[in-house]
Amino acid sequence: MSLRLMRACRRLAVAGALVAASVARAEDAPDFHLDLDTGGHSARVTDLAFTPDGENLVSASDDKTIRMWDWQNGVSLRTIRGYLGNGNDGKIFAVAVSPDGKTIAAGGYFGAGLGDRPPYGDIRLFDFATGKMKAVLKAADYATYDLAFSPDGKMLAGGGADGVVYLWRLDDKSTAGWTLDKKLDADSWHIDKLAFAAVGTRLAATTTDNGIRLWDITKGEQIALPAEAEQLRDVSVMALAVSQDGSQFGTGSKDGQVQIWRAADGTLVRAMPKQDFLIGSLTFAKGSRLIASCGYRCANKHRSIVWNTDTGDKLLDYAGHDGTVYASAANADGSLVATAGGTRNAIQVWDPATGERKALLQGSGEPVTAVGIDAANGVIAWGDANPCPERVACPEQLGTLDRKLELPTAERFFDDPQPLAEPNAFARATLTSGQWSLHATVGGKDALENAVLEIANGGKVVRTIENDATNGFAHSAFTLIDNGLGLITGGNDGTLLEYKSATARVSGEFTGHTGEVNAMVASEKAGLLVTGSADQTLRLWNLKTHELIVSMFFAGSQWIAWMPQGYYYSSDEGDKLIGWHVNQGRDHEGRFIRAGQLKKYLWSPEMVRRAIILRSARQAVKEMRPGVDDELRKLLQRKPPEFGIRLADDQSKVRDGYVAVEITGAREAGTDAAGFSILSNSRNVGDVTTRSADGDNTIVEVPVEDGQNTIRITGTNEYGYLTERSVTALARKTEKAEARGKLYVAVVGVDKYPFLTDACSGHACDLRYPVDDATEFLKVVAQKSAPLFSSMETLVLVNREALSPDKARQTYTVASADTVMEPDSHTIDDQLADFLDRPGEHDTTIVFVAGHGINIDEDYYFIPTDGRKQDAERWKRSSLVDWSDIQKSVERAKGMRFMLLDTCHAANAFNPRLEKDAEDARIVVFSATAANNTAAELPELGHGVFTYSILEGLRGKARTSDGGVTLFGLADFISREVVRLTASKQKPFYYVGGVENIVLAEP
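Figured I'd write up the structure that's included with this text.

**Digging into the overall build of the protein chain**
Scanning the protein chain for helices and strands turns up twelve helices and 71 strands. In summary, the protein chain has a C-alpha radius of gyration of 32 Å against a globular reference of 30 Å for 1003 residues, a match within 12%. Taking the principal axes of its C-alpha atoms as reference, the protein chain extends roughly 105 × 80 × 50 Å. Per-residue burial over the protein chain gives 57% buried out of 1003 residues. The contacts of the protein chain with a sequence gap of at least 6 include a subset with a gap of at least 24, amounting to 57%. Here the protein chain displays about 40,600 Å² of accessible surface, and carbon together with sulfur accounts for 47% of that area. When the 109 positive and 134 negative side-chain charges of the protein chain are each reduced to one mean point, those points stand 2 Å apart.

As structure tokens, then:
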């Protein structure tokens, strides 16, 4: 039987066995997927290509994205997403950039399942400038593993899993712009790499099952190779590169052979020193240099070797990556090389002559390599250090824990992650329990490390579990459960299975991870399984039901925790790290909608908290928002406002103190200039002057200050989507000094709660200091801050009966009697909204609030003086002030906005919505407490500790320069002073991000 016939029979057998399951998967495939976007690749980088001018780099990945990098500035310019399906569906194995730099060709696995309605080896062509899909070239039935443009850009070659090279010819008359010219049979099941050589007259290919091939393209004939090439038919050849002048090509194999061949006739030029590692990639560089990289879990022994191809001498080792390198490329003149790999799927650009690294391109996360749990205190811990860099793998060696997170309970809220001081308090994976024990060993057809898990009882192996392609090849982490009667093991593709120890039969599956499972710990007491993965997430599962409860991602100070249904809680910028990939058909690029764009619907810390408490995300949604699952699907079918902004080319007619900003795509986004929120250096500029509108382009004039200005424009459409764009402008200095703006100060202080005589733990809810706090704050601001402005206007909402005669006289010297009112619910709502509508774009607003706050379900309320309850358990919501109303009023205020809140006196009252909304709106916030601690009142101070620290700081103790008390100086002083006065029992929260360090009080 011929090899071609054997190949066809094998395909038919596989297809027949899997077609039914594949069709079911295709029909059930969701239209959208929740996914991480950390600014870099989250899975293996499969291919790299420099643009012809060397300015940009294009990368493809198993994470099903293509990224375009400005490598010199270290930023990802654009992410191209195609159709994202389950399993392998959507993985991109190859990219190539056309010689004119206008087109990106991508090949991969684009089908619902093996054997399911081929073709799924289509080649997608994307416009480099926009990322839009231009055409789909359909010919290959099976996955495409590599692509190459000819040097003149008139031919495109693709090859892959059917052993055929498809040659496409540029054709202006074709709808796709290309026509299939010919097919070249490689007599193989798997073409891995291909490349043009000899000025485009030759095409070389490597296979993993039948050696290497070389064709004369002009004749369409295969060139017979010498005897030295015959030995490669018995080993996988996985790497290929063409020299800078095109006269030679190099090949690298699984057994460490690297050989250089003459492109004209295929004769062997040189065999390089054989290596003891799989050759993952090859690249020729300037000066007769060849770079060979280690391609299989290389521990810390091998990375990239640079050889002199003329002599065979090793010139240097490049050890920048901390693991496997599968992809590499050189720029046009070979002076720079890019390689990709390691535990963080990093791309590094470096000089092959010196080994000097020029750029590091990677996302913000780290693989989670260690996890632990303190079930008694409800705390989880994790770490990201490699526990055995000198070894290929070590699942029995548990990594170091260095961070912890207190899980929320009915009595406490979320808190920020903290450094871990006592790692020994945490339970880890259980490898021995009673007579039962687990041990991983070498096995499988490829003799892979940890492919076999041995289950022993009394020291004797009674069962084994061999992993393969269906369950992750290796046992990368495992633990015993149920006193050894069960076990859970994870594979290197994210597979996570539970087995019965006695029978080694599967008893459940935990579905969610997309990368190697590095660590796990199970706690029957807590009802949790905690896992950490190379996909950079830490996940909590219900140990009994196998339900995924919540996923977590941590990167420095930013973090996010999200449920499978999309509800999330995050740090200020954390919700920029996840979003929804929305499919728009197989032959169209996908859309990516970030979580923050749907904050209005999905930002719900209380929902995430409830899911962890219940150990069920589904149950939390059912309790708190019944019947909303289909709403998310409907929302994601809509498009967010995708507009762009840039500084207008023509600034000649712009007024002094302004710049012209061009907004493009606004009309298509479903909004116009009037629907945008515009901030300049965090100052809300309010209404803007539209200078001109041409088609879908609008130019607006935005006020700026001298020096650098960050202009942020946020668009909201009718469906509640938010999209933010920013641009930086350097303003011209003007001869005429601009008049100082006004200062608007609103203070709210509530001491008296006449309707709440026993509502605070059985006691009256009256407080001692909020009115004094509010009025003294007003006095100090009038003395120290008001002179910095042209004038000051006030709104005072306090209990008049709580004002002593002296305090009353003091207050009336600053505020007129008609602006001092009782802080009942209607007055606070109406007066505050009206007052905050008055500031202009050059003005500054300060809102100070002191009193009780309360959480009800997902919402937070300020309790006014007329607040009351319906009964012992329920609040009368109409008597409360919805915090979102206060927030909206402050957000509408033009100019610079400050909020100072001393409202967390009530136990468990915490306002995370304040933090998130204020941060997103770039409002400066000072709050008395962070999560899980209450605001202290010390009689000897005569104020709450937080307010006392503010007052002392403004009076001069926070002064750090001759100019007076600055914003940053005040923030630092308040933070240190509150901690000092309360012996670290109270920690204030503040947000001053994106704001200049302005002077707040005179010296």
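**Overview of the packing of helix 11 (residues 945–957) against helix 12 (residues 967–981)**
Remark: helix 11 packs on helix 12, axes separated minimally by 9 Å, with the N-to-C direction vectors making an angle of 135°. The orientation of helix 11 with respect to helix 12, classified from their angle, is oblique. Note on packing geometry: the crossing formed by helix 11 with helix 12 is right-handed. Contacts between helix 11 and helix 12 involve Val945, Phe946, Tyr948, Ser949, Ile950, Glu952, Gly953, Leu954 and Lys957 on the former and, on the latter, Leu970, Phe973, Ile974, Glu977, Val978 and Leu981. Of the residues in the contact of helix 11 with helix 12, the class split is ten nonpolar, two polar and three charged.

**What about helix 3 (residues 605–614)?**
Burial analysis of helix 3 places seven of its ten residues in the buried class, the great majority of the element. Within helix 3, the full set of buried residues consists of Pro605, Glu606, Met607, Val608, Arg609, Ala611 and Ile612. Where helix 3 is buried, its residues contact strand 44 (538–542), strand 45 (548–555), strand 46 (558–562), strand 47 (568–570), helix 4 (617–624) and helix 10 (912–920). The first or second residue beyond helix 3 is Arg615, which carries a positive phi of 60°.

**Describing the environment of Ala224**
Following the sequence through the fold, Ala224 ends up in the loop between strand 17 (221–222) and strand 18 (237–242). We classify Ala224 as exposed; its relative accessible area is 68%.

About the cut-offs
- Residues numbered from 1 in each chain as written.
- Predicted model: local features only at pLDDT ≥ 70, side-chain atom pairs only at ≥ 80, totals over all residues.
- Heavy atoms only, no water.
- Helix = DSSP H or I, 4+ residues; strand = E, 2+ residues; numbered from the N terminus.
- Rg over C-alpha atoms; globule rule 2.2 N^0.38 Å.
- Buried < 20%, exposed > 50% of the residue type's maximum accessible area, 1.4 Å probe, protein only.
- Contact = heavy atoms within 4.5 Å.
- Areas by Shrake-Rupley, 256 points an atom, 1.4 Å probe, with all protein chains shown as cover.
- Lys, Arg positive; Asp, Glu negative; His and termini not counted.
- Charge placed at Lys NZ, Arg CZ, Asp CG, Glu CD.
- Axes fitted to C-alpha atoms, helices over the stretch in contact; angles between N-to-C directions.
- Parallel < 35°, antiparallel > 145°, perpendicular 65-115°, else oblique.
- Left-handed = near helix turned anticlockwise from the far one by under 90°.
- Nonpolar A, V, L, I, M, F, W, Y, C, P; charged D, E, K, R; others polar.

It is worth stressing that arrangement in space is one thing and function is another; only the former is reported here.
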